[in-house]
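# Coordinate inspection notes
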Number of protein chains: 2
Amino acid sequence: MINIIKDDGEMADHLRQEIRTRLIEKDYHCAKEYTLSILSGKWKVVILWHLGVEGPHRFSDLQKLFPKISHKMLTSQLRELTEDGIVHREVYPDVPPKVEYSMTTVGMSILPIVEMMYTWGSKRIEQLKQETQ
Amino acid sequence: MINIIKDDGEMADHLRQEIRTRLIEKDYHCAKEYTLSILSGKWKVVILWHLGVEGPHRFSDLQKLFPKISHKMLTSQLRELTEDGIVHREVYPDVPPKVEYSMTTVGMSILPIVEMMYTWGSKRIEQLKQETQ
DNA sequence: CAGTATCCTTATGGATACTG
DNA sequence: CAGTATCCATAAGGATACTG
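Residues numbered from 1 in each chain as written. Chains lettered and ligands numbered in written order. Predicted model: local features only at pLDDT ≥ 70, side-chain atom pairs only at ≥ 80, totals over all residues. Heavy atoms only, no water.

Time to look at the pattern of salt bridges. Under the criterion given, the structure shown has nine salt bridges over all chains. Residue Arg16 of chain B pairs with Glu83 of chain B through a salt bridge whose shortest N-O separation is 2.7 Å. Remark: Glu83 of chain B occurs in helix α5 (residues 71-83) and Arg16 of chain B occurs in helix α1 (residues 14-24); sequence separation between them is 67 residues. By relative accessible area, which is 1% here, Arg16 of chain B ends up buried. A salt bridge links Lys129 of chain B to Glu126 of chain B, with the nearest nitrogen and oxygen atoms 3.4 Å apart. Taken together, the residues Lys129 of chain B and Glu126 of chain B, both in helix α6 (residues 105-132) and three residues apart, mark about one turn of the helix. In this structure, a network of salt bridges that share partners links the residues Arg16, Lys44, Glu80, Glu83 and Asp84 of chain A. (Salt bridge = Lys/Arg side-chain N within 4 Å of Asp/Glu carboxyl O. Helix = DSSP H or I, 4+ residues; strand = E, 2+ residues; numbered from the N terminus. Buried < 20%, exposed > 50% of the residue type's maximum accessible area, 1.4 Å probe, protein only.)

Now for the domain arrangement of chain A. Residue and element names in this part refer to chain A. Assigned domains of chain A: these are domain 1 (1-40) and domain 2 (42-128). Taken together, the 12 residues of domain 1 in the interface contact 15 residues of domain 2. At the boundary of domain 1 with domain 2, total buried surface from both sides reaches about 1200 Å², with 55% on carbon and sulfur atoms. Here domain 1 and domain 2 share three salt bridges between them. Applying the counting criterion to the domain 1 and domain 2 interface returns three residue pairs in polar contact (both at pLDDT 80 or more). When residues of the side of domain 1 that touches domain 2 are traced back to their parent elements, those giving at least two are α1 (14-24) and α2 (31-39). In terms of residue count, the dominant contributor to the side of domain 1 that touches domain 2 is α2 (four residues). In the side of domain 1 that touches domain 2, the residues fall into three nonpolar, five polar and four charged. (Domains from an automatic or database assignment. Contact = heavy atoms within 4.5 Å. Buried area = accessible area lost by both parts, 1.4 Å probe. Polar contact = N/O pair within 3.5 Å; in protein donor to acceptor, adjacent residues only side chain to side chain. Nonpolar A, V, L, I, M, F, W, Y, C, P; charged D, E, K, R; others polar.)

The structure is reproduced here in structure tokens:
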């Protein structure tokens, strides 16, 4: 189901929300923009990589993986990925709370793009190194 | 050659510049981030699509293609793509000035990723339509 | 543990005017 | 035509304190 809830909170990713709105209103130029709006975000592709390749992670696991990410950023990136149906959020009725994030089927289907980004980026960085030698 | 010129101008894409700096200092977690930093930008993938599929375009051609883009945005997106070696900027000694933008070889090599983004996005949008029926 | 809420600084991006 | 430069409104994102 298209999640029409528009987050008017302070942390709204404005561009992403705009494209979500345009999607619902069938007013978008191009499907590429939708994909980009899902992947754009300082930490999203690395989060997806870890969830896709290594399996489910808890909130605190991800914090340990990315020591430089702020609490607020990690929260918002995960919420947006969940809203877009890429990531599943499982809350266990434990005390203290336990929340696990994992890839959905839709999420796994976007992983090849992330992998291509990795391959292309690696090659390009190698190329740049050669040229500066 | 890695372009080390750091644009301290007002329109600097901060995240992109940060990753460029980290790249030069060999301080990056992952090559995926570099690729994403190149493609991230409200209009970049659509610009790349048109240049890659339809061939070279003049500045004013692109303005006609995207009536909603501001002059300043188009300028900055093209400058960033040029800095990253994705797009070539050819200035003709004409009066009035003529400037033509085209894909570099490196740019063409990133096009498959843009195409995958298009394919994935189209399928996902179709899927979402089905689910809301 | 896994979040929200608030405050505040920095970055983004539109509108407009000017230039070779 | 193809840009720069400046001003200004809005959005993103860090730090900190609080909560179930």
